[in-house]
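Listed here are the chains, written in short residue letters.
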Amino acid sequence: MRLIVTGGGTGGHTYPALTAVRTLQARLAATGGKLEVLWIGTAAGLEARVAAAEGIPFAEVATGKIRRSSNPLGLLSPANIADMGRVPLGVAQARSLVADHRPDVVLATGGYVAIPVGLGAALCRRPLVVHEQTVRLGLANRVLARVAARVAVSSASTVPLLPESVRAAAIVTGNPVRPEILHGSPDKAVQALGLHGFHPAMPTVYVTGGSQGSQQINGLVSGILPWLLSRANVVHQCGLANVEELRGRATALPADLAARYLLTGYVGPELPDVLALADVVISRSGAGTIAELTALGKPAVFVPLASSAGDEQAHNARYLVEAGAATALLDEVSAAALQDAVAPLLADPRRRAAMADRARAQGRPDAAERLADVVLSAARR
């Protein structure tokens, strides 16, 4: 089977595509088949590095980023006009690549680079599968949904937001998560990170702002740290650039509290084990994070990134809050608000368990397999 995959710029678009590719490779290999993949993206995007690390052939096309503005005239900025001028070139390049590769199907997972590739697939009459990770369609996928054979969405609440003419092509798959995330071990986290000062009778809170950390989340947690450590063990992934400053603040902690606090710049291969250990997670509410936490059934307190495109993180968080599957700082964002949100979860194991059940009900741990089914179905059309 020949596949072109496109999407990237951020991990939220890149890693679901990678997980889908790996799932398709395994599925075909199990029946004696083989997947031939070409990844089309931008050389500066995360997708180029991921494709290289996976040994996936990679091709670059021109694309442009549309900078959003509340003022319609703001869309006509010189930078936007220059980037819009690159899109026709990208479509021409993509059409040539699709014609040469002759894929059975094209999978687009969003990001601006997906637009020229998806349009190139349509011009070559190759079936296009669009996958949306967030509750609301991103700009690229809104463009491509109208020419797609199938539109895979992560949440049933997305379907009514699609253009009416597209809804018949929609299918709810969920957002693929890396399989290793689902198989963590709390004991391995204790051993790998040396968490021997943690109190086994206390809940464990995992704080994360993503791989680079979040100064906002770091500041909120620092504002309630002694209070938090009097009630929980804490693993705080703060970003490599923030370790020294936060470590300096932590030196003022009493010894018994300091023993229950692990500050680390980055959590790598240990992440599945840390998530397995965590009773509560404090984090951003990006699509990938939500997919992982709901697949695992983890109670969470979300601090949405206010500058996310289309305010998507707030929409993601609000959807889970309304389902009783999380809590979030959607109005007041302060240390006091964070304390008020976390306190009931730490104080009441039954409340945590109820929220975990509701989160798990929203999760789709089989999303990669579901998306693979959609791609294979489209390829056979």
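Above this text is the structure in question.
Okay, so let's go over this structure. (Residues numbered from 1 in each chain as written. Predicted model: local features only at pLDDT ≥ 70, side-chain atom pairs only at ≥ 80, totals over all residues. Heavy atoms only, no water.)

## Overview of the pairing of strand β11 (residues 280-283)
Here comes step 1: Every second residue of β11 is oriented toward a common face, with Val-280 and Ile-282 on one face and Val-281 and Ser-283 on the other, all of them buried.
Here comes step 2: Of the pairings in the sheet, the one linking strand β8 (residues 204-208) to β11 comprises three bridges and is parallel in character. Of the residues in β11, the one forming a bridge with Val-207 is Ile-282.
Here comes step 3: Where β11 meets strand β12 (residues 300-302), three bridges bridge the pair, whose relative direction is parallel. Paired with Ser-283 across the bridge in β12 is Phe-302. (Buried < 20%, exposed > 50% of the residue type's maximum accessible area, 1.4 Å probe, protein only. Helix = DSSP H or I, 4+ residues; strand = E, 2+ residues; numbered from the N terminus. Pairing = 2+ DSSP bridges.)

## Some details on the pairing of strand β9 (residues 233-237)
Here comes step 1: In terms of burial, β9 is largely enclosed, as five of its five residues are buried.
Here comes step 2: Across the two faces of β9 the burial is the same, with Asn-233, Val-235 and Gln-237 and Val-234 and His-236 all buried.
Here comes step 3: Bridge analysis of β8 against β9 gives five bridges, and the strand direction is parallel. Looking at β9, one finds that Val-205 is bridged to Val-234.

## Describing the pattern of salt bridges
Here comes step 1: All told, the structure shown has ten salt bridges when counted by the stated rule.
Here comes step 2: Residue Arg-247 pairs with Glu-244 through a salt bridge whose shortest N-O separation is 3.3 Å. Of this pair, Arg-247 and Glu-244 are both found in helix α10 (residues 243-250), three residues apart, which corresponds to roughly one turn of the helix.
Here comes step 3: Of the residues examined, Arg-247 reaches a relative accessible area of 41% and is grouped as partly exposed.
Here comes step 4: Residue Glu-244 is classed as exposed on the basis of its relative accessible area, which comes to 59%.
Here comes step 5: One salt bridge connects Glu-245 with Arg-249, and the closest N-O pair in it is separated by 2.6 Å. With a gap of four residues between them, Glu-245 and Arg-249 both fall in helix α10, about one helical turn apart.
Here comes step 6: Given the relative accessible area of 44%, Arg-249 is considered partly exposed.
Here comes step 7: Connected via shared salt-bridge partners are Arg-27, Glu-369 and Asp-373. (Salt bridge = Lys/Arg side-chain N within 4 Å of Asp/Glu carboxyl O.)

## Here we look at the side chain of Thr-264
Here comes step 1: Within the fold, Thr-264 resides in strand β10 (residues 261-264).
Here comes step 2: Only 3.2 Å separates the side chain of Thr-264 from the backbone oxygen of Tyr-266, close enough to count as a polar contact.
Here comes step 3: Sequence-distant contacts of Thr-264, defined by excluding residues within four places in its chain, comprise His-236, Gln-237, Cys-238, Gly-239 and Val-243. (Polar contact = N/O pair within 3.5 Å; in protein donor to acceptor, adjacent residues only side chain to side chain. Contact = heavy atoms within 4.5 Å.)

## Overview of unusual backbone geometry
Here comes step 1: If you check the backbone angles, Arg-102 has positive phi at about 50° while not being a glycine.
Here comes step 2: For Arg-125, which is not glycine, the phi dihedral falls at a positive 55°.
Here comes step 3: By the element assignment, Arg-125 lies in the loop between α5 (114-123) and β5 (128-132).

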